[in-house]
Amino acid sequence: KQWYQRRVRGDGTEQTAVLSVTATVQIGRCDENGNKSCNLNREGTDCERCKDGWYGNQCTVYCDSNSTRWTCNENGTKSCNLHRTGENCGECGEGWYGENCTNYCNDTSTTRYSCSNNGERSV
């Protein structure tokens, strides 16, 4: 693949130079008029950063940064939010119940009550 660079000289004439791409991953491309577009989930003037939700050196790891169940670190690895666990943080941690894992009930340390599926205590 080739990149094109368009320059306008001081006298108003244009000069187009052909540049070779030596990188193994092409992050953007230019047409013969010098108009650039980014590839591979990249954005920026020089395709220098990943689009929102995309991570890693090549911007190939996706992590939904708008999730309420996890946060994404700089490499796109998910970390479950408070009281969540499991694949895709879809389960509540031990003793936590409810849709948002906000109800706490722990019946493993007592015989005075038991916990229902939604975390409510019953005698």
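Fair warning: this is a prediction, and the values are worked out from it, not measured in the lab.

Looking only at helices and strands, one finds zero helices and 16 strands in the chain. When the 123 residues of the chain are sorted by exposure, 20% land in the buried category. Relative to all contacts within the chain whose residues are 6 or more apart in sequence, the contacts with residues 24 or more apart total 7%. Total accessible area on the chain stands at roughly 9,000 Å², and carbon and sulfur atoms take up 42% of it.

With that out of the way, let us pick up the side chain of Arg84. When you line up the elements, Arg84 lands in strand β11 (residues 84–85). With no salt bridge to any partner, buried Arg84 finds its closest opposite charge in Glu99, at an N-O distance of 7.0 Å. For Arg84, the side chain forms a polar contact with the main-chain oxygen of Cys89, separated by 3.3 Å. Excluding residues that lie within four positions of it along the chain, Arg84 makes contacts with Arg69, Cys89, Gly90, Glu91, Gly93, Glu99, Asn100 and Cys101.

What follows covers the confidence of the model for the chain. For the chain, per-residue confidence averages 77 on the pLDDT scale, and residues scoring 70 or more make up 66% of the total. Note that pLDDT drops below 50 for residues 20–24; the model gives that stretch two contacts with residues more than four away or on any other chain.

Here we take up the packing of aromatic side chains. Tallied over the full model, the rule gives two aromatic pairs. Both rings, one in Trp96 and one in Tyr104, keep their centres 4.8 Å apart while their planes meet at 55°; by these two values the pair is tilted. Taking the relative accessible area as the measure of exposure, Tyr104 reaches 43% and is therefore partly exposed. Directly above the ring of Trp70 sits Lys78, whose terminal nitrogen or CZ lies 4.1 Å from the centroid.

Counted according to the given criterion, the structure contains five disulfides. Here Cys80 pairs with Cys89 through a disulfide, and the sulfurs are 2.2 Å apart. Across the S-S bond linking Cys80 and Cys89, the dihedral sits near -90°, which makes this disulfide left-handed. Given the relative accessible area of 2%, Cys89 is considered buried. Linked covalently through their sulfurs, Cys92 and Cys101 form a disulfide whose S-S length is 2.1 Å. Taking the torsion about the sulfur-sulfur bond, which here is approximately -90°, the covalent link between Cys92 and Cys101 counts as left-handed. By relative accessible area, Cys92 is classed as partly exposed at 25%.

With that settled, consider unusual backbone geometry. At His83, a residue that is not glycine, the phi angle is positive and equals roughly 70°. Its location among the elements puts His83 in the loop between β10 (78–80) and β11. For His83, a relative accessible area of 24% translates into the label partly exposed. A positive phi angle, near 55°, is found at Cys89, a position not held by glycine. Mapped onto the secondary structure, Cys89 falls in the loop between β11 and β12 (91–92).

Calculation criteria
Residues numbered from 1 in each chain as written. Predicted model: local features only at pLDDT ≥ 70, side-chain atom pairs only at ≥ 80, totals over all residues. Heavy atoms only, no water. Helix = DSSP H or I, 4+ residues; strand = E, 2+ residues; numbered from the N terminus. Buried < 20%, exposed > 50% of the residue type's maximum accessible area, 1.4 Å probe, protein only. Contact = heavy atoms within 4.5 Å. Areas by Shrake-Rupley, 256 points an atom, 1.4 Å probe, with all protein chains shown as cover. Lys, Arg positive; Asp, Glu negative; His and termini not counted. Salt bridge = Lys/Arg side-chain N within 4 Å of Asp/Glu carboxyl O. Polar contact = N/O pair within 3.5 Å; in protein donor to acceptor, adjacent residues only side chain to side chain. pLDDT = per-residue confidence, 0-100. Phe/Tyr/Trp six-rings, centres within 6.5 Å; stacked < 30°, edge-to-face > 60°. Lys NZ or Arg CZ within 6 Å of the ring centre and 35° of its normal. Disulfide = S-S within 2.5 Å.

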